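Structure assessment
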Amino acid sequence: MRCIAGASVADFSPSLLFHRRNLVAVGQRLLMTSSILRSHTREFDVCDEGIISVEEWRKWGPVSPFPSAVKQIVDDLKVLECKLDSPIDFGGNGGKLQGPFGAYEDKKHRATYEALDDPEKKFRFFSARQVACRLLGSRGYLCQKCWLAMEDCMCSYVKPCGLWKRIRFWLYMHPRDFLRQNNTGKLLWQIFGVQSATLCVFGIAEDEEIMWNEFKRAGKSQVRCLYPNHNSEVTFSVKDAFGSSASENHVSSTTDEDKTLHFILLDGTWNNSAAMLKRLKDHAKSVWGDEDLPCISLATGASAMHKLRPQPSWDRTCTAAAAIGLLSELSLLPQLSSYELDKQADAVEEALVILLDSLTGRRLRMGRSITRKGRNTISMC
């Protein structure tokens, strides 16, 4: 006869058998509960890994708090990752979401976008999603300072340099250029610091609010946009804008911090720059009236980055080269000759060469062409 713990089954009363079955059931429920808790713990851990702190956000270059719209999309992506039990996979051109997760998320985000009836909300959703995906896709892969792959990091070669305190650059960057390895605007805050060269992502409310608050405080006369807007009546050369005797006192006084000159650099493709300039003009009209936003047209030529980044024409240049051109032209004005703007331009030029060398070395290792002509040649084989 089978025995249990030294007693036969026949020796158990119905009451004892009932309690034994209860104990077995309780044990099974405990095992199930433990399994569920482990599952929830794993899900929490996976989702918790997606949290982006303010510190992490600012290490990429921005000075704003972590944008609420970007945070919401990051949280949604991580929750969806847990729900599908499928990892977020980035790859392809522009770091697009790939695989089953990408296909499902693409349908979901398109439905969300189409449900928005306000064009401004659609635009902000687009910008936030671009930034969110690039943040998650670049973690552990790109250096947070130079935006290059870890193995190509150029930070140790870039020399910081002080920018004249009367000048402040604003990198008005399209979200599709955010965290791009060949972006050159990032060099400006690497060299001059984020308070002298400040990143503002196009369509990110927190960034744009910080920028426009500074513009309102400074006044329209202290704000210029670098753009070859030849069709505008308020587009000037550097000499016309600052070289006349009437403007000499305007730019030479260094005692009033409110007299800082704010220069907006449009950091995006030439196709995107038109929309970026329009947004700036619309906001300027709502703040200062019907007058257009003053623009500065530079005499600078093509930069070395033309070899890697094709431009619509050879007279157009990259963001860092535009800053170099502005500083160089300002340094030629007699009233500004003592502020070493030419040396500050040289510091950007040196960093641009370092970036070009890093990008060129990576292309060579990957077997890709390093010339503009080579990139545009279509193989017929």
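Residues numbered from 1 in each chain as written. Predicted model: local features only at pLDDT ≥ 70, side-chain atom pairs only at ≥ 80, totals over all residues. Heavy atoms only, no water.

The name recorded for the protein in an unreviewed UniProt entry is tRNA-uridine aminocarboxypropyltransferase, from Arabidopsis suecica. Checking UniProt for the protein, the heading Catalytic activity (unreviewed entry) contains the comment "a uridine in tRNA + S-adenosyl-L-methionine = a 3-[(3S)-3-amino-3-carboxypropyl]uridine in tRNA + S-methyl-5'-thioadenosine + H(+)". (UniProt positions renumbered as here; feature names shortened; annotations may be inferred.)

1. Topic: the sheet that holds strand β9 (residues 261–267)
Pairing in this open sheet of six strands is parallel, and the strands run β6-β5-β9-β7-β10-β8 from one edge to the other. Edge positions in the sheet fall to β6 (197–201) and β8 (235–236), since each of these pairs with one other strand and no more. Bridge count for strand β7 (residues 223–226) against strand β10 (residues 295–296) is two bridges, and the pairing is parallel. Its bridge partner being in β10, Leu226 is matched across the sheet by Ile296. Along the sheet face, helix α11 (residues 319–331) touches β5 (167–173), β7 and β9 and points at about 150° away from the line of β9. (Pairing = 2+ DSSP bridges. Helix = DSSP H or I, 4+ residues; strand = E, 2+ residues; numbered from the N terminus. Contact = heavy atoms within 4.5 Å. Axes fitted to C-alpha atoms, helices over the stretch in contact; angles between N-to-C directions.)

2. As for the pattern of salt bridges
Under the definition given, this model contains 18 salt bridges. Between Arg129 and Glu105 there is a salt bridge, with the nearest N and O atoms lying 2.6 Å from each other. Of this pair, Arg129 sits in helix α5 (residues 119–138) while Glu105 sits in helix α4 (residues 99–115), placing them 24 residues apart in sequence. Note on accessibility: Arg129 and Glu105 belong to one class, buried. Asp106 is paired through a salt bridge with Arg110; the nearest N and O atoms lie 2.9 Å apart. Taken together, the residues Asp106 and Arg110, both in helix α4 and four residues apart, mark about one turn of the helix. (Salt bridge = Lys/Arg side-chain N within 4 Å of Asp/Glu carboxyl O. Buried < 20%, exposed > 50% of the residue type's maximum accessible area, 1.4 Å probe, protein only.)

3. So, α11
Spanning 13 residues, α11 covers 19 Å between terminal C-alpha atoms, matching the ideal 18 Å at 1.5 Å per step. In terms of residue burial, α11 counts as a mostly covered element, since twelve of its 13 residues are buried. For α11, the set of buried residues is Thr319, Ala320, Ala321, Ala322, Ala323, Ile324, Gly325, Leu326, Leu327, Glu329, Leu330 and Ser331. Taken together, the buried residues of α11 touch β5, α6 (186–192), β7, α8 (238–242), β9 and α12 (341–365). (Expected span 1.5 Å × (residues − 1).)

4. Notes on the packing of aromatic side chains
A complete count under the given rule lists 15 aromatic pairs for this structure. Here the aromatic rings of Trp164 and Tyr339 are separated by 4.3 Å at their centres, their planes lie at 20°, and the arrangement is stacked. You can see Trp164 sitting in the loop between α5 and β5 and its partner Tyr339 sitting in the loop between α11 and α12, a full 175 residues away along the chain. Since its relative accessible area comes to 8%, Trp164 is described here as buried. Seen in terms of ring centroids, Tyr227 and Trp270 are 6.0 Å apart; in terms of plane orientation they differ by 40°. Their pairing is tilted. Within this pair, whereas Tyr227 is found in the loop between β7 and β8, its partner Trp270 is found in helix α10 (residues 270–288), the two being separated by 43 residues in sequence. According to the relative accessible area criterion, Tyr227 is buried, its value standing at 14%. Grouped by ring-pair contacts, the aromatic residues Trp57, Phe66, Trp147, Phe178 and Trp189 constitute a single cluster. Taking the ring centre of Tyr113 as reference, the NZ or CZ of Lys122 above it sits at 4.4 Å. (Phe/Tyr/Trp six-rings, centres within 6.5 Å; stacked < 30°, edge-to-face > 60°. Lys NZ or Arg CZ within 6 Å of the ring centre and 35° of its normal.)

5. Quick notes on the packing of helix α3 (residues 68–84) against α4
Describing two packed helices takes the angle between their axes plus the distance from one axis to the other. For the pair α3 and α4, interaxial distance at closest approach is 11 Å and the crossing angle is 130°. Relative to α4, the element α3 lies oblique. As for the relative orientation of α3 and α4, their crossing is right-handed in sense. Seen from α3, the contacting residues are Leu77, Leu80, Glu81, Lys83 and Leu84; seen from α4, they are Phe101, Tyr104, Glu105 and Lys108. (Parallel < 35°, antiparallel > 145°, perpendicular 65-115°, else oblique. Left-handed = near helix turned anticlockwise from the far one by under 90°.)

6. Thoughts on the nonpolar core
One finds Leu135, Phe169, Phe178 and Leu330 to be the most contacted residues of the largest nonpolar core, which totals 70 residues. Two domains each donate at least three residues to this core, and these are domain 1 (54–137) and domain 2 (150–239 + 259–365). With residues near it in sequence (within four places) discarded, Leu330 still touches Ile167, Val238, Phe242, Phe263, Leu336 and Leu341. Membership of the second largest hydrophobic core comes to 19 residues, among which are Phe202, Met211, Leu266 and Leu277. (Core = buried A, V, L, I, M, F, W, Y, C linked by side-chain atoms within 4.5 Å. Domains from an automatic or database assignment.)

7. Structural notes on α12
With 25 residues, α12 should reach 36 Å at 1.5 Å per residue; the first-to-last C-alpha distance of 37 Å fits that figure. Taken from the residues just after α12, Gly367 is the one with a positive phi, measuring 75°.

8. Some points on the side chain of Asn182
Looking at the element boundaries, Asn182 is found in the loop between β5 and α6. By relative accessible area, which is 13% here, Asn182 ends up buried.

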